[in-house]
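Listed here are the chains, written in short residue letters.
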Amino acid sequence: MTALERTTASASTAPERTTASASTAPERTTASASTALERTTASAPTAPARETHNVQAGRRPRSDMDEHRRIAGVEEVPEESTLLATLRPVDPEAVDEGEGDLGEGEDGAPEVEAILTRAAGEVRAFRNYCQHWTDVRLDKDDGAFVRNGEVFCQTHGATFEADGGYCNFGPCEGAVLESVGVTVADGAVYLDDDGYDFVRLGPSAGKGDGGGSRIDFTGN
Ligand code: FES
């Protein structure tokens with residue numbers, strides 16, 4: 001083969017590779033796009049039927065809304081108070097010893113509490129400790145004080161917006177309650193948070209006595 005023939009042969013090969021590569025890229029893109037569409041289409045009919053509200057931003061809705069994650073019926077969640085539930089942190093190291101809702105199960109594993117309310121029109125859930133003094137529980141096993149879409153801390157009167165937990169008044173103004181992800185499906189509230197497992201309704205172990213020694217500003 002002459003030099004000219006070699007050059008020609010080499011040049012004809014290069015475009016073939018380029019073409020092959022280029023034709024592959026769109027195929028991959030198309031396949032990926034169709035997969036995404038299929039997923040979207042597949043999940044679309046489910047949403048209206050389940051009336052799902054994942055209130056935990058950035059957390060993935062769970063598909064396993066089975067009975068062991070069912071917290072309560074929607075109607076059991078009050079609009080002007082809170083419903084108390086006990087959760088178990090998946091990672092025991094993720095909880096702070098200073099958090100007032102922290103208890104200990106019979107096996108020694110930590111338990112924490114969630115408060116659920118419908119004060120914002122939809123079910124919302126938060127960890128049961130104030131952002132001012134974190135050892136203070138908002139719901140001392142008798143329901144937190146809730147009015148006009150706000151959850152009150154009765155120790156120093158801080159108010160937290162029930163739709164997102166933002167403190168709009170009080171000594172911890174600007175702080176935000178720690179959210180717990182919940183989902184409403186078929187008239188029930190399910191835990192929808194990868195950080196916790198549902199244990200039971202009611203206080204965490206050792207927290208059913210009115211909760212703490214600090215006296216609140218109402219004198220209780
Ligand atoms: S402990 Fe809640 S406002 Fe002070």
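Residues numbered from 1 in each chain as written. Predicted model: local features only at pLDDT ≥ 70, side-chain atom pairs only at ≥ 80, totals over all residues.

The name given to the chain in an unreviewed UniProt entry is Rieske (2Fe-2S) domain protein, with Halorubrum californiense DSM 19288 as the source organism.

### Some words on the overall build of the chain
A count of helical and extended segments in the chain gives 2 helices and 12 strands. Starting at the N terminus, the α and β elements of the chain follow one another as α-α-β-β-β-β-β-β-β-β-β-β-β-β. Counting every position in the chain, which comprises 220 residues, the buried fraction comes to 31%. In the chain, the share of contacts with a sequence separation of at least 24, taken over all contacts with a separation of at least 6, comes to 65%. (Helix = DSSP H or I, 4+ residues; strand = E, 2+ residues; numbered from the N terminus. Buried ≥ 20, exposed ≤ 12 C-beta atoms within 10 Å, placed from the backbone. Contact = placed C-beta atoms within 7 Å.)

### So, the confidence of the model for the chain
With 65% of its residues at a pLDDT of 70 or more, the chain has an overall mean of 77. Predicted confidence is poor over residues 1-61, with pLDDT under 50, and the contacts of this stretch with residues over four places away or in other chains come to 31 contacts. (pLDDT = per-residue confidence, 0-100.)

### Regarding the sheet that holds strand E11 (residues 188-191)
Strand order in the open sheet formed by 3 strands is E1-E11-E10, with antiparallel pairing between adjacent strands. Two strands in the sheet have a free side with no partner beyond their single neighbour: strand E1 (70-73) and strand E10 (182-185). The mean inter-strand angle of the sheet, taken between neighbouring strand axes irrespective of direction, is 25 degrees. Pairing of E10 with E11 involves 4 bridges; the strand directions are antiparallel. Bridged to Thr183 within E11 is Tyr190. (Pairing = 2+ DSSP bridges. Axes fitted to C-alpha atoms, helices over the stretch in contact; angles between N-to-C directions.)

### A word on the sheet that holds strand E9 (residues 167-169)
The 4 strands lie next to each other as E6-E7-E8-E9, forming an open sheet whose pairing is antiparallel. What marks the edges here is a single partner per strand, and that holds for strand E6 (146-147) and E9. Sheet topology note: the strand E7 (residues 150-152)/strand E8 (residues 159-161) ladder contains 3 bridges and is antiparallel. Note on E8: the bridge partner recorded for Glu150 is Glu161.

### Let's talk about the nonpolar core
In terms of nonpolar packing, the biggest core is built from 38 residues, with Leu116 and Val182 touching the most fellow members. For this core, the secondary structure elements donating two or more residues are strand E2 (83-89), strand E4 (110-117), strand E5 (124-127), E7, E10, E11 and strand E12 (196-201). If we ignore the near neighbours within four places in the chain, the residues touching Leu116 are Ile71, Val77, Thr82, Leu83, Ala85, Val123, Ala125, Val182 and Val189. (Core = buried A, V, L, I, M, F, W, Y, C linked by C-beta atoms within 7 Å.)

### What about unusual backbone geometry?
Of note, the phi angle at Asp141 is positive, near 75 degrees, even though the residue is not glycine. Locating Asp141 in the fold gives a position in the loop between E5 and E6. When the 16 C-beta atoms within 10 Å are taken as the criterion, Asp141 is described as partly exposed. Although it is not a glycine, Asp186 adopts a positive phi angle of roughly 55 degrees. Within the secondary structure, Asp186 sits in the loop between E10 and E11.

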